[in-house]
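Descriptive analysis of the structure
Each chain, letter by letter, is given below.
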Amino acid sequence: MIRSEPHGEVMLVVADNPPVNALSQELRHALGDALDRAEADPAVGAIVICCDGRGFFAGADIGALGKSSTPPSLPQLIEKIEGSQKPVIAAIHGNALGGGLEVALGCHYRIATRSAKLGLSEVKLGLLPGAGGTQRLPRLVGVEKALSMIVTGEPVTATDALGMDLIDRLVDDDSLVREAILFARERISARDHPRSSLRTDRLADAVRDPAMFDRFRHEIAGKTRGFAAPEACIKAIEAAVKLPFADGMARERALFASLVKSDQSRAQRHVFFAERTAAKVDDIPPGVPRIPIAGVGIVGTGTMGGGIAMNFLSIGIPVTIVEREQAALDRGLATIRRNYERAASRGRLSGEEVDKAMSLLASSLAIEALADCDLIIEAVFESMAVKQEVFRKLDAVAKPGAILASNTSRLDLNEIAAQTGRPEAVIGLHFFSPANVMRLLEVVRSAKTGASQLATAMDLAKRIGKVAVVSGVCPGFIGNRMLGQRSRQAQLLILEGAKPWDVDRVLTNFGFPMGPFQMSDLAGLDLGWRRESSKGESIRDLLCERDRRGQKTSKGYYDYDSNRMATPSAEVESIIAEFAASRRYRPRQISEQEILERLLYPMINEGAKILEEGIAQRASDIDVVWVNGYGWPAFTGGPMFWADGINLQTIVAGLQSHQARFGAEFAVSQLLQRKASNAGRFN
Ligand code: NAI
């Protein structure tokens with residue numbers, strides 16, 4: 001786990017704890033012992049800490065968080081490192097995240113390879129860096145940068161780290177250990193070694209201008225709404241500025257201790273593990289051969305096609321786009337370029353990277369142009385007839401072995417696959433809008449999808465930075481099928497007397513970024529609506545007929561001003577009241593609790609059916625879908641984890657009481673019933 005290699009006067013201490021060099025209890029012990037020996041050995045003048053394998057220490061052992069352990073704890077180990085009389089150098093490659101970076105912050109010097117990434121990602125687990133990270137990082141890089149790194153949890157590149165003095169030297173990937181040893185030798189004769197905990201110079205700005213904390217709070221409020229950890233991170237950094245180091249450490253500890261046992265952190269850790277588990281397909285052996293994907297084809301470059309293309313272009317895979325008419329193609333290509341340029345103007349990409357991505361893009365009006373592609377993704381209109389026609393053509397032109405994918409959001413993939421002579425090659429890749437941004441990918445397996453094709457899709461999803469979840473075939477797959485339940489109840493609630501803004505508010509208070517009516521206004525009420533066939537049979541029909549088609553027409557369920565600020569609409573209220581009266585609804589006061597139960601309990605019930613039918617592999621996959629694709633607040637862990645938390649018996653009782661009033665659509669699924677009766681859980 002730890003080995004010590006003398007290189008002249010420099011002792012190289014190497015950790016090897018696959019897969020990610022997590023700082024487990026055993027590793028901390030072994031590292032502490034190795035440091036003690038090096039400290040005591042008069043032949044040793046300097047110490048280099050580095051790691052074998054994929055990267056530097058990836059952080060604490062998350063599975064062991066909150067459990068008791070024997071010394072040294074991580075803060076104690078880091079204190080020992082910092083207190084060493086001999087210079088200690090962290091030699092970083094790969095990722096140095098969380099506790100890993102905290103170890104490096106305790107070292108006197110840090111050297112990293114060009115490809116390394118450094119970050120304090122604890123906030124993503126509902127925690128804060130609890131081993132001195134909130135106290136040492138601001139002392140090294142200044143409060144402003146520390147706030148941003150700790151509160152967003154996003155890592156920085158080694159180049160950025162050098163720019164902010166987080167590291168002392170940047171080296172080529174293949175010369176890390178050699179350079180670190182040379183660097184260590186240079187430091188042996190120095191009389192004193194920089195200890196992060198002793199520095200105060202970088203805190204000066206915040207001492208002069210303590211209002212910077214409130215400005216930062218204000219800036220991030222929208223993104224962190226509902227989450228407890230970001231505020232705790234800020235408080236800990238404030239303590240770094242206001243208090244002596246030891247007191248700041250105590251404050252960090254106390255804040256950490258309350259987060260680690262909180263429901264929010266438990267929920268966020270559940271999501272963290274759930275995302276990793278989702279990548280596993282239970283019935284596919286790990287060794288199944290993968291299909292090499294060197295070129296991707298896309299059919300249709302509307303809202304989805306362009307965004308899908310960007311995922312592959314951005315990682316260097318050439319893409320060929322096929323459209324049915326030149327105007328649509330031109331529009332699609334222009335949108336891709338505009339999106340890249342916007343990313344460049346925000347500093348997320350360099351001009352060169354934009355040019356490189358665009359140079360990998362080819363286009364055509366002839367589907368034959370896709371003959372060489374290893375993967376072809378269809379993103380044409382959501383119509384079975386149109387899609388079947390496209391797949392018949394793809395079957396004729398695609399090379400043998402190519403994967404043929406559909407981006408359908410609810411159609412029967414088996415019927416699409418049946419149009420080809422190679423149903424094993426057909427798979428669903430359900431991207432979410434905007435496809436270049438949203439992390440979720442539902443990978444849909446038909447009755448005949450091949451194991452290699454499925455395994456390849458899961459690997460590829462990871463390469464393009466998506467969280468993939470496997471779904472079987474059913475209308476709407478996992479996410480949209482559950483969304484259907486929520487939408488239905490939302491519509492009923494406004495007929496029964498709740499206002500759209502009441503319904504939205506209940507969900508935003510719960511932690512969603514927006515409610516169902518705000519979402520409809522954003523997406524456009526006229527998706528799938530046609531004036532010619534509209535018969536005023538729903539609120540949506542009535543609104544679209546009055547040209548209230550959502551944000552794009554400045555009015556939908558809400559009225560919008562020129563800054564897209566929404567206000568409740570009196571016109572909508574009277575449209576709803578009139579329509580409800582014509583359908584014999586008598587308006588009543590509906591409590592927030594009823595609104596919440598009516599919206600969410602049927603989703604849990606549907607989730608249980610999805611599990612029962614084997615559409616989802618596991619309950620945690622459903623949580624991953626909703627957290628990453630539909631804005632379900634991660635701090636509640638996703639729908640199924642949330643249901644476990646409030647108790648399945650409570651959910652069943654709620655569904656039963658709604659069933660007594662509203663009928664069979666609330667009938668409890670067998671699986672949910674069984675689990676509730678046995679005091680069981682989904683997760
Ligand atoms: P869209 O209407 O914006 O784009 C469809 C494009 O396909 C158009 O540019 C059209 O010219 C082109 N097209 C139609 N037939 C074609 C053919 N035979 N050959 C080549 N090009 C053809 O539609 P959108 O929104 O991009 O949806 C595409 C698919 O993605 C649908 O299956 C939809 O259900 C699915 N989807 C849409 C989402 C959304 O939020 N818009 C989210 C997830 C999936």
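You'll find the structure just up there.
Residues numbered from 1 in each chain as written. Predicted model: local features only at pLDDT ≥ 70, side-chain atom pairs only at ≥ 80, totals over all residues. Heavy atoms only, no water.

This part covers the overall build of the protein. In terms of helices and strands, the protein carries 28 helices and 21 strands. Here the protein has a C-alpha radius of gyration of 28 Å; the compact-globule value for 683 residues is 26 Å, and the two agree. Along the three orthogonal principal directions, the C-alpha set of the protein runs to about 90 × 60 × 55 Å. A burial count over the protein gives 55% of its 683 residues as buried. Summarising the internal contacts of the protein: among those between residues at least 6 apart in sequence, 72% fall at separations of at least 24. (Helix = DSSP H or I, 4+ residues; strand = E, 2+ residues; numbered from the N terminus. Rg over C-alpha atoms; globule rule 2.2 N^0.38 Å. Buried < 20%, exposed > 50% of the residue type's maximum accessible area, 1.4 Å probe, protein only. Contact = heavy atoms within 4.5 Å.)

Below, the discussion takes up the side chain of Gln453. Mapped onto the elements, Gln453 comes out in helix 18 (residues 451-463). Classification of Gln453 by relative accessible area gives buried; the value is 10%. Beyond its immediate chain neighbours, meaning those up to four positions away, Gln453 contacts Ile291, Ile403, Glu424, Ala425 and Ile427.

This structure, assessed with the given rule, holds 17 aromatic pairs. Here Trp626 and Trp632 contribute two aromatic rings whose centre-to-centre distance is 6.3 Å and whose plane-to-plane angle is 90 degrees, an arrangement assigned as edge-to-face. Residue Trp626 shares its accessibility class with Trp632, and that shared class is buried. With 6.0 Å between their ring centres and 45 degrees between their planes, Phe662 and Phe666 make a pair best called tilted. On the basis of relative accessibility, which here comes to 28%, the residue Phe662 falls in the partly exposed class. On the accessibility criterion, Phe666 (1% relative accessible area) is buried. (Phe/Tyr/Trp six-rings, centres within 6.5 Å; stacked < 30°, edge-to-face > 60°.)

So, about the environment of Asp372. Position of Asp372 relative to the elements: it lies in the loop between strand 14 (361-364) and strand 15 (375-378). As for Asp372 and Ala294, which are separated by 78 residues in sequence, their C-alpha atoms are 9.5 Å apart.

Once that is clear, we can look at the packing of helix 24 (residues 592-612) against helix 26 (residues 639-646). Running from N to C, helix 24 and helix 26 cross one another at 115 degrees; their axes reach a closest spacing of 10 Å. Compared by their axis directions, helix 24 and helix 26 come out roughly perpendicular. Here the hand of the crossing between helix 24 and helix 26 comes out left-handed. For the pair helix 24 and helix 26, contact is made by Leu600, Tyr601, Ile604, Gly607, Ala608 and Leu611 and by Pro639, Met640, Trp642, Ala643 and Ile646, respectively. When grouped by side-chain class, the residues that make up the contact of helix 24 with helix 26 number 10 nonpolar, one polar and no charged. (Axes fitted to C-alpha atoms, helices over the stretch in contact; angles between N-to-C directions. Parallel < 35°, antiparallel > 145°, perpendicular 65-115°, else oblique. Left-handed = near helix turned anticlockwise from the far one by under 90°. Nonpolar A, V, L, I, M, F, W, Y, C, P; charged D, E, K, R; others polar.)

Before going further, it helps to spend a moment on unusual backbone geometry. In this structure, Pro19 follows Pro18 across a cis peptide bond, with omega equal to 0 degrees. Structurally, Pro19 is set in the loop between strand 2 (10-15) and strand 3 (22-23). With an omega dihedral of 0 degrees, the bond running from Pro71 to Pro72 counts as a cis peptide bond. Within the element layout of this structure, Pro72 appears in the loop between strand 5 (59-60) and helix 2 (74-83). We note that Asp547 has phi near 65 degrees; this positive angle belongs to a residue other than glycine. Look at Ala679: it is not a glycine, yet its phi comes out positive at around 55 degrees.

Moving on, we get to the sheet that holds strand 8 (residues 109-113). Pairing is mixed across the open sheet formed by six strands, whose spatial order is 1-2-4-6-8-11. Only two strands of the sheet have a single neighbouring strand rather than two, namely strand 1 (2-7) and strand 11 (169-171). This sheet shows a mean twist of 20 degrees between the axes of neighbouring strands, independent of strand direction. As judged from the six bridges shared by strand 2 and strand 4 (residues 46-51), these two strands associate in the parallel manner. For Ala15, the partnering residue across the bridge sits in strand 4 and is Cys51. Seen against the sheet, helix 7 (residues 176-187) touches strand 1, strand 2, strand 4, strand 6 (88-92), strand 8 and strand 11 and runs at an angle of roughly 160 degrees to strand 8. (Pairing = 2+ DSSP bridges.)

A few words on the nonpolar core. Residues Phe57, Ile92, Leu118, Leu137, Val143, Leu166 and Phe213 are the most contacted members of the largest nonpolar core, which totals 73 residues. Examining the composition of this core, we find that seven residues originate from one element, helix 10 (residues 229-242), more than from any other. Beyond its immediate stretch of four places on either side in the chain, Ile92 contacts Phe56, Ala104, Arg110, Ile111, Ala112, Thr113, Ala116, Leu118 and Leu176. The next biggest cluster of nonpolar side chains, apart from the first, holds 72 residues, and it includes Leu495, Val625, Ala643 and Ala676. (Core = buried A, V, L, I, M, F, W, Y, C linked by side-chain atoms within 4.5 Å.)

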